[in-house]
Number of protein chains: 2
Amino acid sequence: MKTATFLNRDEFLNHWQGHRKLTRRTIEKFPEEEFFTFSIGGMRTFGELVKELLTISVPGLEGIVNKDDKPFSHDIELADKAAALKMWDEQTEQINELYNKISDEELYETFNLFGQYKDQTNNNLMYFHDNEIHHRAQGFVYLRALGIEPPFFWER
Amino acid sequence: MKTATFLNRDEFLNHWQGHRKLTRRTIEKFPEEEFFTFSIGGMRTFGELVKELLTISVPGLEGIVNKDDKPFSHDIELADKAAALKMWDEQTEQINELYNKISDEELYETFNLFGQYKDQTNNNLMYFHDNEIHHRAQGFVYLRALGIEPPFFWER
């Protein structure tokens, strides 16, 4: 077992917030009229995918910090892109605050996130991060299909 | 600065290899006849995206381990899916070996990867990981557009 640090806790937060900036730019570039209507191959719209992201990150961190295992619900009201961007920006601060309330030890403790994802907290947080990259990439394809150039992947 | 470990070096390797298993399943599910032909909105085919992944991970690790900053080239011969899967499996072992040759200190040293990505080695490795999730997600949309159900994202 090699347990030296690969990524420290500040690095993870900065890295994730960098990805969140890119996702924000992806939302900004998405045409308003297609946000909740356009899809490919029966997939969810980008608006629905963004709802998923908004209902995982902060609610998940709240669950971890408060040791509350209540289930998630992706079913939130989100009138338009402006509402999505407003909630996105509010969550930027909330994520910083909540994440910093997790102790170093708690990152390595097992918690039954949302009452069903029993895993080490660092793994659950990596899932939030990876899941955002995954869904944003789907948004990139939607943008291309709509003839719009996505933001640069490497720009955070 | 909070520098406690978020992810240790074995955890990162296992996490990445888990994602690589999922990417492998995505290649397996892709129809042979569409692998180098199907695309959406002028994007690269999934075959070309897989070439990119194959020419970043092991060549990048070789560069890091040998302190060799030669540029990458995504232009490799890959006849078909079988050839892609063969190279994928060979790289699974190569990645384990090369990654374990990087010292704990080197993960935090700055290296000019491929002669152009000057960053801490742990950041460059995170880029490999994130970039794979990103391009595989594009493959998921291609599969859906072709009427094929992708593998489960959470199955590694």
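In this text, all values refer to a predicted model and were calculated from it rather than measured experimentally. (Residues numbered from 1 in each chain as written. Chains lettered and ligands numbered in written order. Predicted model: local features only at pLDDT ≥ 70, side-chain atom pairs only at ≥ 80, totals over all residues. Heavy atoms only, no water.)

S.K.: Would you mind going over the overall build of chain A with me for this structure?
M.R.: Of regular secondary structure, chain A possesses 5 helices and 3 strands. Its helices and strands in sequence order give chain A the pattern β-α-α-α-α-β-β-α, from N to C terminus. Taken over the C-alpha trace, chain A has a radius of gyration of 16 Å; the compact-globule value for 156 residues is 15 Å, and the two agree within 12%. Principal axes of the C-alpha set define a box for chain A whose edges measure 45 × 30 × 30 Å. Every one of the 156 residues in chain A was classed for burial, and the buried ones make up 51%. Sequence-distant contacts in chain A: of pairs separated by 6 or more residues, those separated by 24 or more amount to 73%. Carbon and sulfur atoms provide 48% of the accessible area of chain A, an area that totals close to 6900 Å². (Helix = DSSP H or I, 4+ residues; strand = E, 2+ residues; numbered from the N terminus. Rg over C-alpha atoms; globule rule 2.2 N^0.38 Å. Buried < 20%, exposed > 50% of the residue type's maximum accessible area, 1.4 Å probe, protein only. Contact = heavy atoms within 4.5 Å. Areas by Shrake-Rupley, 256 points an atom, 1.4 Å probe, with all protein chains shown as cover.)

S.K.: What's the story with the packing of aromatic side chains in this structure? I'm lost.
M.R.: The geometry of an aromatic ring pair comes down to the distance between the two centres and the angle between the two planes. Across all of its chains, the model carries 24 aromatic pairs over all chains by this definition. Taking 6.2 Å as the distance between ring centres and 50 degrees as the angle between the ring planes, the aromatic pair formed by Trp16 of chain A and Phe128 of chain A counts as tilted. Of this pair, Trp16 of chain A sits in helix H1 (residues 9-29) while Phe128 of chain A is found in helix H5 (residues 121-145), placing the two residues 112 residues apart along the sequence. No difference in accessibility class separates Trp16 of chain A from Phe128 of chain A, as the two residues are buried. With a centroid separation of 4.9 Å and an interplanar angle of 65 degrees, the aromatic rings of Phe35 of chain B and Phe36 of chain B are classed as edge-to-face. Judged by its relative accessible area of 0%, Phe35 of chain B falls in the buried class. (Phe/Tyr/Trp six-rings, centres within 6.5 Å; stacked < 30°, edge-to-face > 60°.)

S.K.: Teacher, can you tell me more about the environment of Leu22 of chain A here?
M.R.: Residues and elements named next belong to chain A. Positionally, Leu22 belongs in helix H1. Take Leu22: its relative accessible area is 0%, and that puts it in the buried class. Residues Leu22 and Pro71, 49 residues apart in the sequence, show an inter-C-alpha distance of 28 Å. Residue contacts for Leu22: discarding those within four places in its chain leaves Arg136, Phe140, Pro151, Phe152, Phe153, Glu155 and Arg156.

S.K.: Looking at this structure, I do not really get unusual backbone geometry. What am I missing?
M.R.: The phi torsion of most residues other than glycine is negative, and most of the peptide bonds are trans. Here the phi dihedral of Phe114 of chain A falls at roughly 55 degrees; this positive angle occurs in a residue that is not glycine. Tracing the backbone through its elements, the reader meets Phe114 of chain A in the loop between strand S2 (110-113) and strand S3 (117-120). Of note in the backbone geometry, Lys67 of chain B takes a positive phi value of approximately 50 degrees without being a glycine. With respect to the helices and strands, the residue Lys67 of chain B is situated in the loop between helix H3 (57-66) and helix H4 (81-99).

S.K.: Which parts of the structure should I look at to understand the packing of H5 of chain A against helix H5 (residues 121-145) of chain B?
M.R.: Helix-helix packing is characterised by the crossing angle of the two axes and by the distance between the axes. For the pair H5 of chain A and H5 of chain B, interaxial distance at closest approach is 8 Å and the crossing angle is 45 degrees. By the angle class used here, H5 of chain A and H5 of chain B are oblique. Judged by the twist between their axes, the crossing of H5 of chain A over H5 of chain B is right-handed. On H5 of chain B, the residues touching Met126, His129, Asp130, Ile133, His134, Ala137, Gln138, Phe140 and Val141 of chain A of H5 of chain A are Met126, His129, Asp130, Ile133, His134, Ala137, Gln138, Phe140 and Val141 of chain B. Taken together, the residues of the contact of H5 of chain A with H5 of chain B sort by class into 10 nonpolar, 6 polar and 2 charged. (Axes fitted to C-alpha atoms, helices over the stretch in contact; angles between N-to-C directions. Parallel < 35°, antiparallel > 145°, perpendicular 65-115°, else oblique. Left-handed = near helix turned anticlockwise from the far one by under 90°. Nonpolar A, V, L, I, M, F, W, Y, C, P; charged D, E, K, R; others polar.)

S.K.: Explain the interface of chain B and chain A here, please?
M.R.: Interface size is often expressed as the accessible area that is lost when the parts come together. With 41 residues of chain B at the contact, the number on the chain A side is 41 residues. Contact between chain B and chain A buries roughly 4000 Å² in total, counting both sides, with carbon and sulfur atoms accounting for 65%. Area buried by chain B at its contact with chain A is led by Lys2, Phe6 and His134 of chain B, which between them contribute 20% of it. The tally of links from chain B across to chain A stands at 24 residue pairs in polar contact (both at pLDDT 80 or more). Only strand S1 (5-8), helix H1 (9-29) and H5 of chain B provide two or more residues apiece to the side of chain B that touches chain A. Broken down by element, the side of chain B that touches chain A gets its largest block of residues, 15 residues, from H5 of chain B. For the side of chain B that touches chain A, the class distribution of residues is 20 nonpolar, 13 polar and 8 charged. (Buried area = accessible area lost by both parts, 1.4 Å probe. Polar contact = N/O pair within 3.5 Å; in protein donor to acceptor, adjacent residues only side chain to side chain.)

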